[in-house]
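Listed below, chain by chain, are the residues.
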Amino acid sequence: MVAPDWFLDPLSGRRAPQAQYCFSINHRSAAVTGNVKQVWELSRHHHLTVLAAAYVLTGDRRYAERAAAHLQSWWQENPFLSGIHWTSGIELGIRLISWVWTRRLLDGWDGVKSLFDDNPLAHRQIWWHQTYLSGFRSRGSSANNHVVAEAAGQLIAALAFPWFEDSNAWARDSASLLQRELAKNTFPSGVNRELAFDYHGLVAELGLLAAAEADHAGRPLPDLTWRSLASMLDAIAAVLDCGFRAPRQGDSDDGRALVIASPETNRWSALLALGQALLNAPEWWPAAQPGVASTLVPALARRRPLTDRPRSRPWHFDDAGVTIFRSEPTDGPEIWCRCDSGPHGFLSIAAHAHADALAIEVRHNGTDILTDPGTYCYGSDPDFRRYFRSTIGHNTLEVLGRDQSTSGGPTMWIRHAQSQLTGLESATEGASGRWVAEHYGYRTLDTPVTHRRTVQFDGRRRLIEIADDVDGQGSPPIRLAFHLGPAVDAELDGCNLTLRWQDRNGNDALATMTLPPSLSWSMICGASDPVLGWYSPAFGQKVPAIDVIGVGTAPPAGSSLRTRLAF
């Protein structure tokens, strides 16, 4: 039975180091490892939990035997501190979660004890992983979701495999670390401080899995931690559009903590179903469909019907600078709009932030109209990495061809644009209102300027109006960008733009945009020099999409660049 090549990058064909001391490997170099995300992904062993689940559902021992063969292969080929799979703690944490659930799902198979419980190789690997996580914690400004994964993985493994002299101490220390890091990484409102919603989902999932495992072991986490998890879930429920899609803000690499069923399952619906089973759900939560994980995981824990939850759907998260306008159901298909007035990112390097201050996203009935193009890659393609995290790569205004914040590398920012919300009005909890914010990222220019944006949202009239002001001396060159979703076709006539698409129900839909006439407008799709006109539906994937770019100079004081989007 042939096992995978655990060190091969299938995209480049390059093979990452297998026998080299792990801390001497430059895993950020594609010349050394290929695309390291591709190499690491298979060794998170999500496919093994799927195989184990297939065994549970069918009773076909071939699924169990294939999972066992892959585990034995991996354990034999990856001795302690040798090779690429020992270079990043988050990988070890997630791998441990997969091993725990593989063992749990294979419990009815007659070979499971010889694979795990009575297998010296399995014992060594589990001990090595937990020893590593105790000694080589991620630290500093880049830890964030990494250290949460490390703590969650170690806690789950220490409780599920209590076979070692240090198991009790590992469980105690990792539980304490997890509680601190969940609090540290989360705004009081419940939004993750990295301001990258995909990582918000990963951190919430890790926390829920660990909390359920702790309940199962009779070592429950404090109520304060459960309340923090509830606030994360409430934030998710609040920001989703009608298609159960979260904002595309910041980086996304589609990371999961546990995969049991099809990975194409909507992660947000799955998380809310899990949260509803563990914590109950306020009445305003959108109805989530139960799934495999939301059935299995709550069986480990007792239900906690926490009180003091929001009584209505929140639409503004002041600490995170996230504002969600959405039309009422009685006004027709949902118009959803996110406005960004928050911090650039978390801690000094803001690793997963984009230069997107004052950017907006707009969706119609769950279809991207004005979209955040996404992430696509981290270090594998520098030109595309620059585009997807740049200012011109978002629905905002660029001055002098520069990003609002200064990049120090593909996952590092060395200067952060500071934003401030200066006005917010809504008498209808986000169904209509006025949002005003400004950022100071361009005050470092030789001639400093401030970008101020006003968004007027009217759900009943199905209208969004945007006014952009540039305060400062002179008239610097500017570009104003609007990124259309990949389903949208467009016709540009001067400063008039007609948008057409089919919505998620297959209905033809139309909108019109009136663009600022003082700028020269063009449409760009799928360009590579320079990179413009792309959309990333998932990590590692990109498709052409239309960027609508206006070029000109900043308007004089007292004048605004006005854009009107009517549905």
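Residues numbered from 1 in each chain as written. Predicted model: local features only at pLDDT ≥ 70, side-chain atom pairs only at ≥ 80, totals over all residues. Heavy atoms only, no water.

1. Thoughts on empty space enclosed by the protein
Applied cut-off: Both cavities and pockets are sets of points on a 1 Å grid over the protein atoms alone; in a cavity a 1.4 Å probe fits but cannot get out, in a pocket the set is open with protein on both sides within 12 Å along at least five of seven lines, and lining residues sit with an atom within 4 Å of a point. Grid points are joined across faces, edges and corners, and a volume is the space filled by probe spheres set on the points. Here the nonpolar group is Ala, Val, Leu, Ile, Met, Phe, Trp, Tyr, Cys and Pro; Asp, Glu, Lys and Arg are the charged ones; every other residue, Gly included, is treated as polar.
Counted by the stated rule, this structure contains two cavities of 30 Å³ or more. What the largest cavity holds in volume is close to 50 Å³. Residues belonging to the lining of the largest cavity are distributed by class as follows: four nonpolar, six polar and two charged. What lines the second largest cavity is Leu-195, Gln-249, Gly-250, Pro-343, His-344, His-352, Ala-353, His-354 and Asp-356. When grouped by side-chain class, the residues that make up the lining of the second largest cavity number three nonpolar, five polar and one charged.

2. Details of the layout of surface pockets
The computed volume of the second largest pocket comes to approximately 1,200 Å³. If you trace the second largest pocket, you find 44 residues lining it, with Asp-253, Asp-254, Pro-537, Ala-538 and Phe-539 closest to the centre. Residue composition of the lining of the second largest pocket, by class: 18 nonpolar, twelve polar and 14 charged.

3. Remarks on the pairing of strand S9 (residues 419–425)
This is how the line gets drawn: Two strands pair under a simple rule: DSSP has to find at least two bridges between them. Each helix is a run of DSSP H or I of at least 4 residues and each strand a run of E of at least 2, with the numbering of both proceeding from the N terminus.
Where S9 meets strand S10 (residues 432–439), six bridges bridge the pair, whose relative direction is antiparallel. Within S10, the residue paired with Glu-425 across the bridge is Arg-434. The hairpin formed by S9 and S10 contains six residues between the paired strands, and Glu-429 there has a positive phi angle of roughly 50°.

4. Concerning the sheet that holds strand S13 (residues 477–483)
Applied cut-off: Here, axes are lines fitted to C-alpha atoms. For helices the fit covers the stretch in contact, and angles between N-to-C directions go from 0 to 180 degrees.
Spatially, four strands are ordered S6-S13-S22-S17 in an open sheet, and the strand pairing comes out antiparallel. Both outer strands of the open sheet, strand S6 (397–399) and strand S17 (520–525), are each paired with one neighbouring strand and no more. Ignoring which end each strand starts from, the neighbouring axes of this sheet average 25° apart. The pairing of S17 with strand S22 (residues 546–553) spans six bridges and is classified as antiparallel. Its bridge partner lying in S22, Trp-521 is registered against Gly-550.

5. Here's the deal with the sheet that holds strand S3 (residues 335–340)
Here five strands make up an open sheet; going across it, the order is S1-S2-S3-S4-S5 and the pairing antiparallel. The open sheet terminates on both sides in strands that have one partner only, identified here as strand S1 (316–317) and strand S5 (367–370). As paired strands, S1 and strand S2 (residues 322–326) are joined by two bridges and run antiparallel to one another. Bridge assignment links Phe-317 to a residue of S2, and that residue is Val-322.

6. Digging into the nonpolar core
Cut-off, in case you're wondering: Nonpolar core, defined: a set of buried Ala, Val, Leu, Ile, Met, Phe, Trp, Tyr and Cys residues in which side-chain atoms within 4.5 Å join the residues together. Remark: exposure states derive from per-residue accessible area (1.4 Å probe, protein chains only) relative to the maximum for the residue type, with buried under 20%, exposed over 50%, and partly exposed in between. We call two residues in contact when some of their heavy atoms are within 4.5 Å.
Counting residues in hydrophobic clusters, the biggest one holds 115 residues, and the most contacted among them are Trp-75, Trp-101 and Leu-178. Element by element, the count of residues in this core is highest for helix H10 (residues 197–216), at twelve residues. With residues up to four places along the chain from it excluded, the contact list for Leu-178 reads Val-148, Ala-151, Ala-152, Leu-155, Ala-210 and Leu-221. Ranked by size, the runner-up nonpolar core spans 42 residues in total, among them Val-362, Ile-466, Ala-511 and Leu-515.

7. Let's talk about the environment of Ile-549
Turning to its location among the elements, Ile-549 is positioned in strand S22. Ile-549 sits in the buried class, given a relative accessible area of 2%. Sequence separation between Ile-549 and Val-203 is 346 residues, and the spatial gap between their C-alpha atoms is 36 Å. Those residues in contact with Ile-549, other than ones at most four positions away along the chain, are Ile-392, Arg-479, Leu-480, Ala-481, Ser-520, Trp-521, Ser-522 and Ile-524.

8. Concerning the pattern of salt bridges
The criterion, for reference: Each salt bridge in this description consists of a side-chain nitrogen of Lys or Arg and a carboxyl oxygen of Asp or Glu lying within 4 Å of one another.
Taken as a whole and judged by the stated rule, the model has 31 salt bridges. For Arg-309, the salt bridge is made with Asp-234, and the minimal N-O distance between the two is 2.8 Å. Here the residue Arg-309 occupies a position in the loop between helix H13 (292–296) and S1, and Asp-234 occupies one in helix H11 (residues 223–239), the gap between them amounting to 75 residues. Arg-309 sits in the buried class, given a relative accessible area of 15%. On the basis of relative accessibility, which here comes to 5%, the residue Asp-234 falls in the buried class. One salt bridge connects Asp-458 with Arg-461, and the closest N-O pair in it is separated by 3.9 Å.

9. Digging into the environment of Ser-228
Counting through the fold element by element, Ser-228 comes out in helix H11. On a C-alpha basis, the gap between Ser-228 and Gly-190 in space is 7.0 Å, while along the polypeptide they are 38 residues apart. Filtering out sequence-adjacent residues up to four positions away, Ser-228 remains in contact with Leu-182 and Thr-186.

10. Let's talk about the packing of aromatic side chains
This is how the line gets drawn: Only the six-membered ring of Trp is used, alongside the rings of Phe and Tyr, when aromatic pairs are assigned; centres must lie within 6.5 Å, and planes under 30 degrees apart are stacked while those over 60 apart are edge-to-face, with the rest tilted.
Applying the stated criterion across every chain yields a total of 24 aromatic pairs. With a centroid separation of 4.8 Å and an interplanar angle of 45°, the aromatic rings of Phe-161 and Trp-163 are classed as tilted. You can call Phe-161 buried: its relative accessible area is 2%. Centre to centre, the rings of Tyr-376 and Phe-388 are 5.9 Å apart; their planes meet at 40°, and the pair counts as tilted. With a gap of twelve residues between them, Tyr-376 in the loop between S5 and helix H14 (382–389) and Phe-388 in helix H14 connect regions that are remote in the sequence. Classification of Tyr-376 by relative accessible area gives buried; the value is 14%.

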